[in-house]
Amino acid sequence: MTKTAKLLLLIAFCWPGGSLAGQGLDPALLTKPATDAWPTYAGDYSQRRYSTLAQIDTTNVRHLSLAWVSRLTAGAGGGEGGFFAPPAPPTVTGGVAANPVNIPGSTSGSPRLSGSILQVNGILYISSPDNAWAMDALDGHILWHYWWKSRGGTHIGNRGMAMYGDWLFFETPDDYLVSLDAKTGQERWHREIADFNQQYFSTTAPLVVGDHVLVGTGDDLDAPGFLQSFDPKTGDLQWKFYTVPMKQGDPGLDTWASLDAAQHGGAQVWIPGSYDAETHLYIFGTGNPTPAYTARVRGPRDAHTNLYTCSVVAVNVETGKMAWYFQTSPNDTHDWDSTQPTVLVDGMFGGKARKLAMQASRNGYFFLLDRTTGEHLLTMKFSDAANWAAGINANGQPERNPEKDNTIAGSLVSPDNGGATNWLPPSYDPRTGLLYVVLRELYSMYYLTSTDPRMMVGLGGSEQDVVGSLGTSIAAIDYRTGKLAWKYRFEGTGGGFGGVSGLLTTAGGLLFADDGAGSLVAFGLRGRKAPAPLWHAHIGSVENAPETYTVGGRQYVLATAEGAVWAFYLQ
Amino acid sequence: MHSGRRFRFLGSVIIACAATMTASQAATQRAPDYPVRPPAPPEQVAHGQQVFRSNCSFCHGSDARGGETGPNLVRAQLVLADQQGELITPIVQNGLPAQGMPKFSLSAADIAAIAAWLHSQPLSDRGTPSTLDILVGNAKEGEAYFNGAGHCTQCHSVTGDLAAIGARYEPKTIQNLIVSGGGGRSFGRRSAGAAAPKLPPTTVTVTLPSGQTITGDLDHISAFVVALRASDGTYRSFARHDAIPKVVVTNPVQWHIDMLPQWRDSDIHNLTAYLVTLK
């Protein structure tokens, strides 16, 4: 080997983000449909959660068996293994809190693994509130563990990490964006992304697009929502897009009762969006308006739709400027945000090839949009139970029936607080043209518990009691008509929120889901006929949407349950 | 209103859901209060309230949630960021002339006490019990519905299972029970009073290919397994494949489930108004 060749090889191995032979992520992977790797939140930018892998299919899935299971422990001792467990590397500690708040599942015990797991070059990257791990995708061996000492905040979940070259990014409940070296788990930097004192808490997975790390956050008080873009190298803020009007002259201000109401209007961005490389648009959903359960202070009149709450919003990733929006719940009064994944599909509609964006919303309605312009194409109710709207207006938006607001005497309303669907990722199967969605048809009595809107800040002023359910199902929505091709009802879920955590389809003709009764299930898809359950493994309460990848030429199916990561393959 | 078809409420429903209620995770996972401040001594909080009432409430309201001219201070950004008065003090001592707030010559200790009182105030009533009266219905119309259109007497009796129900449960619990038919874990989540009555169990009948039938209380069910407990306590489970064995689940509150999409809120309110009179 010549000196030049040696030098070139050395450069190739040392290049930051190098993709020749290192462990880093080749950014080109992000723009392709999900295949061998799982390099971003939904496998690819479209959020279809459809894998082109077909090694495991309807004919052999019954032979799917355990490859490995790896149990994780949160907190300072999380890297060291248990008494009977093999030794593991010590935990790398970060965080700004002098005295970290003790939170089971974060500082100790079994973590809640409700996020996506990245799989890049044979390594899995896993996160939970305040914790991150790297794991060998062949056997579940832990390579490193990182723990963030928390100053507190809502520790409801963490949706996963993002990757850029050899660098990882994840958010903490106490509002930091943390970047780690993927090889070692050592911290590169951390940046405060929201004001902890205003009760922001951060759960979402960042998304890397080009030289941008797109970061959302959450809040249950009444702080304004926003999306931010950070430089993956330096951690510098590139732009910040507010989802509510913040000053006089801002667009949408006339849809609020006052500027003060808008500035306290919510619209949090707490689930990752989709990305359309052609238009450079990042397409994401926004949260509910606040106060959540009364329109009195923010929208007493019909014109007060409270933009851009409960909306699908498209922002140019280079400029941070909004290109279009569509509001799915004008003046929402039930805390049904519209943060559900917006799935990008190229398909026929109305006899023409269209570039589409579709969302099944928490409010029980399905929306089909043109993703280039935001043009509304179709609205259809996908929950039979949803009873809160008086009808659909000329813009294709369901119009709220004030009699189904929270009332002092109580109103029987579906969906319940959890929604007809929620963060639970849907899956779109290009072979059938169907969008598969977790559908929850629960009813609650909604009671207004305050007559003083000043006590209804954030999520105040409401008591909701679940009083029944028509069940939890997978609904197959034909986007061309919005009608259901089929609905598969889970018998064992009892209609509760516990259960179905998200969906995955593969080119092997399979749909993976948990059944809400402790089993990961593989269904054989049969077109417009209801699917057939073909395989299951009882692994406990499944916490995330299943994923699939190949390592060493072999296809794996991955899911988490009760603090453990489970991998399956064909023996 | 409901049709005769739905009235087969004790009829067998193949593959019905086992239990109907669990508390919504989203609704029950309450955010902790931010930021986590050590509570101030009660006498300091009381003193703060007194100082606030004499100096600040004229503009900001006696509860500090906003008055004629002053904004809501409890959820103000600056107050949320303040720890022990360090951010509030300069504003009180210097005023905000541009916004019409005069300066006040209060001692540092008085202002720290005001801060302690402000920080002790809840940001909202989230999670606190409601004392509002939910009874708006007409008891007479509720009684007519109970005996007539509602067909409630097919299963229930005001001298039997519902005797003195108005003395046993608070109105909100009764109203929730009317819709649910019983059971559930989320009832009275924030309400005082007795726990809701337990539901009679969901039962299941399994018919084996041999023709043998086994009946018992449903333990759990999925697409792959059905399990039951027989009347003598014996636990039995069966693998399921395609439609074998035949499984028939009977939910005792199936009528209430079928009724969910049919209810009018006014009928629910009237029924509640009637049932609370049964003491």
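Residues numbered from 1 in each chain as written. Chains lettered and ligands numbered in written order. Predicted model: local features only at pLDDT ≥ 70, side-chain atom pairs only at ≥ 80, totals over all residues.

1. Some thoughts on the overall build of chain A
Here is step 1: Each helix and strand counted, chain A has two helices and 39 strands in total.
Here is step 2: Relative to the globule expectation of 25 Å for 571 residues, the C-alpha radius of gyration of chain A, 23 Å, shows essentially globular dimensions.
Here is step 3: Projected onto its principal axes, the C-alpha positions of chain A cover 75 × 55 × 50 Å.
Here is step 4: Across the 571 residues that make up chain A, the buried fraction comes to 62%.
Here is step 5: When contacts within chain A are restricted to residue pairs at least 6 apart in sequence, those whose partners lie at least 24 apart make up 60%. (Helix = DSSP H or I, 4+ residues; strand = E, 2+ residues; numbered from the N terminus. Rg over C-alpha atoms; globule rule 2.2 N^0.38 Å. Buried ≥ 20, exposed ≤ 12 C-beta atoms within 10 Å, placed from the backbone. Contact = placed C-beta atoms within 7 Å.)

2. A look at the domain arrangement of chain B
Here is step 1: Assigned domains within chain B: domain 1 (42-120) and domain 2 (203-250).
Here is step 2: Centre-to-centre separation of domain 1 of chain B and domain 2 of chain B, based on C-alpha positions: 66 Å. (Domains from an automatic or database assignment.)

3. Observations concerning the packing of helix 2 (residues 42-55) of chain B against helix 6 (residues 108-120) of chain B
All names here are of chain B.
Here is step 1: Where helix 2 contacts helix 6, the two axes come as close as 7 Å, and the packing angle between them is 105°. Taken together, the axes of helix 2 and helix 6 lie roughly perpendicular to each other. Judged by residue contacts, Gln-44, Val-45, His-47, Gly-48, Gln-49, Val-51 and Phe-52 of helix 2 engage Asp-110, Ala-113, Ile-114, Ala-116, Trp-117 and Ser-120 from helix 6. (Axes fitted to C-alpha atoms, helices over the stretch in contact; angles between N-to-C directions. Parallel < 35°, antiparallel > 145°, perpendicular 65-115°, else oblique.)

4. Details of the sheet that holds strand 11 (residues 187-192) of chain A
All names here are of chain A.
Here is step 1: With respect to topology, four strands assemble into an open sheet ordered 8-9-10-11, the strand pairing being antiparallel. In the strand order of this sheet, the two ends are held by strand 8 (162-164) and strand 11, each with one partner. Sheet twist, expressed as the mean angle between neighbouring strand axes with direction ignored, is 20°.
Here is step 2: Where strand 8 meets strand 9 (residues 167-171), three bridges bridge the pair, whose relative direction is antiparallel. (Pairing = 2+ DSSP bridges.)

5. Let's talk about helix 7 (residues 139-147) of chain B
Residues and elements named next belong to chain B.
Here is step 1: Within helix 7, the full set of buried residues consists of Gly-142, Tyr-145 and Phe-146. For helix 7, the angular spread of buried residues about the axis comes to 100°, placing them on one side.
Here is step 2: Those residues of helix 7 that are buried are in contact with helix 11 (265-275). (Arc of directions from axis to C-beta.)

6. Here we look at the environment of Ala357(A)
Residue and element names in this part refer to chain A.
Here is step 1: Position of Ala-357 among the secondary structure elements: in strand 23 (residues 352-360).
Here is step 2: Since 27 C-beta atoms lie within 10 Å of it, Ala-357 is described here as buried.
Here is step 3: For the pair Ala-357 and Gly-374, spaced 17 residues apart in sequence, the C-alpha separation works out to 8.4 Å.
Here is step 4: Filtering out sequence-adjacent residues up to four positions away, Ala-357 remains in contact with Ile-283, Val-312, Thr-342, Leu-344, Leu-369 and Arg-371.

7. Description of the sheet that holds strand 33 (residues 504-506) of chain A
Here is step 1: An order of 1-33-34-35-36 (chain A) is seen for the five strands of this open sheet, with the pairing classed as mixed. Edge positions in the sheet fall to strand 1 (50-51) and strand 36 (529-538) of chain A, since each of these pairs with one other strand and no more.

8. Structural notes on the nonpolar core
Here is step 1: Judged by nonpolar contacts, the single largest core of 186 residues is most densely connected at Tyr125(A), Met161(A), Met163(A), Phe382(A), Leu435(A), Ile477(A) and Tyr556(A).
Here is step 2: Among the elements that take part in this core, strand 30 (residues 434-448) of chain A stands out by supplying twelve residues, more than any other.
Here is step 3: Structurally, this core is a two-domain feature, drawing no fewer than three residues from each of domain 1 (58-72 + 504-571) and domain 2 (75-109 + 115-242) of chain A.
Here is step 4: Aside from chain neighbours lying at most four places away, what touches Met163(A) is Leu25(A), Pro39(A), Leu118(A), Val120(A), Tyr125(A), Leu168(A), Ala182(A) and Val208(A).
Here is step 5: Core analysis: the next-biggest nonpolar cluster, separate from the first, contains 18 residues, Val45(B), Ala64(B), Leu80(B) and Ile114(B) among them. (Core = buried A, V, L, I, M, F, W, Y, C linked by C-beta atoms within 7 Å.)

9. Quick notes on helix 11 of chain B
Here is step 1: Most of helix 11 of chain B is tucked away: nine of the eleven residues are buried.
Here is step 2: Taken together, the buried positions of helix 11 of chain B are occupied by Asp267(B), Ile268(B), His269(B), Asn270(B), Leu271(B), Thr272(B), Ala273(B), Tyr274(B) and Leu275(B).
Here is step 3: In this fold, the buried residues of helix 11 of chain B make contact with strand 28 (411-413) of chain A together with helix 7, helix 8 (165-168) and helix 9 (171-180) of chain B.

10. Remarks on unusual backbone geometry
Here is step 1: Put simply, Ser414(A) and Pro415(A) share a cis peptide bond, and its omega is 5°.
Here is step 2: With respect to the helices, strands and loops of the structure, Pro415(A) is situated in the loop between strand 28 and strand 29 (427-429).
Here is step 3: The omega torsion across Ile244(B) and Pro245(B) is -5°, close enough to zero to call that bond cis.
Here is step 4: Considering the arrangement of structural elements, one finds Pro245(B) in the loop between strand 4 (235-239) and strand 5 (246-250).
Here is step 5: The residue Asp175(A) is not glycine, and still its phi comes out positive at about 75°.

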